[in-house]
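So the chains spell out like this:
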Amino acid sequence: MDLIDIGANLTHESFRQDLDAVLERATAHGVGRMVVTGASREGSLHALELAKASGGRLFATAGVHPHHAVEYDDATDAQLRELAAAPEVRAVGETGLDYNRNYSPRDIQRDVFERQLRIAADLGKPLFLHQRDAHHDFLAILKRYRDLVPAAVVHCFTDTGEALRDYLDLDCYIGITGWICDERRGAHLRELVKAIPANRLLLETDAPYLLPRTIRPMPKDRRNEPMYLAHIRDEVARDRGESREALTESSTRAAETFFGI
């Protein structure tokens, strides 16, 4: 059974020249399908275009990352509604709150987050969520909409055990990236990942970001790509005391259920 990378930023400019080769390497490393993250108005449109041209191998999300919340207007909202209605778009997002960088004012982030939650609720689509250093506000807003959407994944989970329990109590899925391989910032995840039910654990690279620090040899360009999902799978399986085969099967089945693919 092949892996599914539930979060890859394949619209990033670093993939512009060699995307076909990137996809070939993913195949060679057992990554069969990928969900292309839409994190801005233009990026969401590009993600959908890639999905449409992929012959069913790529899927997309449509959303505006909190970093770009200040750019969100009524025209953006209307376009996201249109994009999210496409069959290739399997979730609304990446949306949420980021109080770590605060590239957009927090009040604007909260308003834009709610607008996208309403899109997901209106269209009956799952949520692809981002949260960093904003757990309290994020949870309070999410609770108001959780019962209105079919599913939600907290993508690239890096937070505390308390936050993990809060999300699992809301029946959320949890996305684990190569952050778990970072001995400086992600060591706590090696214990927390054991508490995620197998049917709620999803795997992702967040390529080209978050290259696992335990990759050997380290690529010279330090670019992450979907082929490294197999490495993340191996690390998570070891931490959970599972076989690679068991984690491949459970995470793939969970991704299929979440995205309806």
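Anyway, here's the lowdown on the structure attached to this text. (Residues numbered from 1 in each chain as written. Predicted model: local features only at pLDDT ≥ 70, side-chain atom pairs only at ≥ 80, totals over all residues. Heavy atoms only, no water.)

Thoughts on the pairing of strand β5 (residues 127-132)
And then number 1: β5 sits mainly inside the fold: 5 of its 6 residues count as buried.
And then number 2: Of the strand pairs in this sheet, strand β4 (residues 89-98) and β5 are connected by 5 bridges, and their pairing is parallel. When the sheet's bridge partners are listed, G96 is paired in β5 with H130.
And then number 3: Once you follow β4 into helix α4 (residues 106-123) and on to β5, the crossover reads as right-handed.
And then number 4: As paired elements, β5 and strand β6 (residues 152-154) share 3 bridges and run parallel to each other. Bridging across to β6, L129 finds its partner in V154.
And then number 5: In this region the chain leaves β5, passes through helix α5 (residues 135-145) and returns to the parallel neighbour β6; the handedness of that crossover is right-handed. (Buried < 20%, exposed > 50% of the residue type's maximum accessible area, 1.4 Å probe, protein only. Helix = DSSP H or I, 4+ residues; strand = E, 2+ residues; numbered from the N terminus. Pairing = 2+ DSSP bridges. Right-handed = clockwise from strand over helix to strand, strands pointing away.)

Describing helix α3 (residues 74-84)
And then number 1: Those residues of α3 lying buried are T76, D77, L80, L83 and A84. Down the axis, α3 shows its buried residues gathered within 130 degrees of arc, on one side only. Away from its buried face, by an angle of more than 90 degrees, α3 presents the exposed residues D74 and E82.
And then number 2: Buried-residue contacts for α3 involve α2 (41-52), β3 (58-62), β4 and α4.
And then number 3: Put simply, D73 is the residue that caps the front of α3, since its side-chain oxygen is 3.2 Å from the backbone nitrogen of A75. (Arc of directions from axis to C-beta. Contact = heavy atoms within 4.5 Å. Polar contact = N/O pair within 3.5 Å; in protein donor to acceptor, adjacent residues only side chain to side chain.)

Focus on the pattern of salt bridges
Side chains that carry opposite charge are capable of pairing whenever their charged atoms lie near each other.
And then number 1: Summed over all chains, the structure comprises 25 salt bridges.
And then number 2: In this structure, the salt-bridge partner of R25 is E225, at a minimum N-O distance of 2.8 Å. Residue R25 is located in helix α1 (residues 19-28), and its partner E225 is located in the loop between β8 (201-203) and α8 (229-240); the two are separated by 200 residues in the primary sequence.
And then number 3: By relative accessible area, which is 5% here, E225 ends up buried.
And then number 4: The salt bridge partner of D234 is R233, with a shortest N-O separation of 2.6 Å.
And then number 5: Taking the relative accessible area as the measure of exposure, R233 reaches 11% and is therefore buried.
And then number 6: Residues joined in a network through salt bridges with shared partners are D74, D77, R81, R115 and D122. (Salt bridge = Lys/Arg side-chain N within 4 Å of Asp/Glu carboxyl O.)

So, the layout of surface pockets
Over the atoms, a rolled probe matching the size of one water molecule traces out where space is still vacant.
And then number 1: Of the volumes computed, that of the largest pocket is approximately 790 Å³.
And then number 2: Lining the largest pocket we find 26 residues, and of these N9, H65, H67, D206 and Y209 sit closest to its centre.
And then number 3: The set of elements that each furnish at least two residues to the lining of the largest pocket consists of β4 and β5.
And then number 4: Element by element, the count of residues in the lining of the largest pocket is highest for β5, at 3 residues.
And then number 5: Classifying every residue of the lining of the largest pocket by side-chain character gives 5 nonpolar, 13 polar and 8 charged.
And then number 6: Roughly 210 Å³ of volume is contained in the second largest pocket. (1 Å grid on protein atoms, 1.4 Å probe; cavity = no way out; pocket = protein on both sides within 12 Å on 5 of 7 lines; lining within 4 Å. Points joined across faces, edges and corners; volume = space filled by probe spheres on them. Nonpolar A, V, L, I, M, F, W, Y, C, P; charged D, E, K, R; others polar.)

Overview of the nonpolar core
And then number 1: With 69 residues, the main nonpolar core has L10, L127, F157, Y167, I174, I176 and V236 as its most contacted residues.
And then number 2: Formed by 14 residues, the second largest nonpolar core is a distinct cluster that contains I4, V35, V153 and Y173. (Core = buried A, V, L, I, M, F, W, Y, C linked by side-chain atoms within 4.5 Å.)

Quick notes on the pairing of strand β1 (residues 3-8)
And then number 1: Within β1, 6 of the 6 residues are buried, which leaves it mostly tucked inside the rest of the structure.
And then number 2: Inspection of the sheet shows β1 paired to strand β2 (residues 31-36) by 4 bridges, in the parallel sense. In the strand pairing of β2, A8 is matched with V36.
And then number 3: Regarding the hand of the β-α-β motif, the stretch spanning β1, α1 and β2 is right-handed.

Focus on the packing of α8 against helix α9 (residues 244-259)
And then number 1: One can describe the packing of α8 onto α9 by two numbers: an axis separation of 9 Å at closest approach and a directional angle of 110 degrees. By the angle between their directions, the pair α8 and α9 is classed as roughly perpendicular. For the pair α8 and α9, contact is made by R233, D234, V236, A237 and R240 and by R244, L247 and T248, respectively.
And then number 2: Among the residues forming the contact of α8 with α9, the class breakdown is 3 nonpolar, 1 polar and 4 charged. (Axes fitted to C-alpha atoms, helices over the stretch in contact; angles between N-to-C directions. Parallel < 35°, antiparallel > 145°, perpendicular 65-115°, else oblique.)

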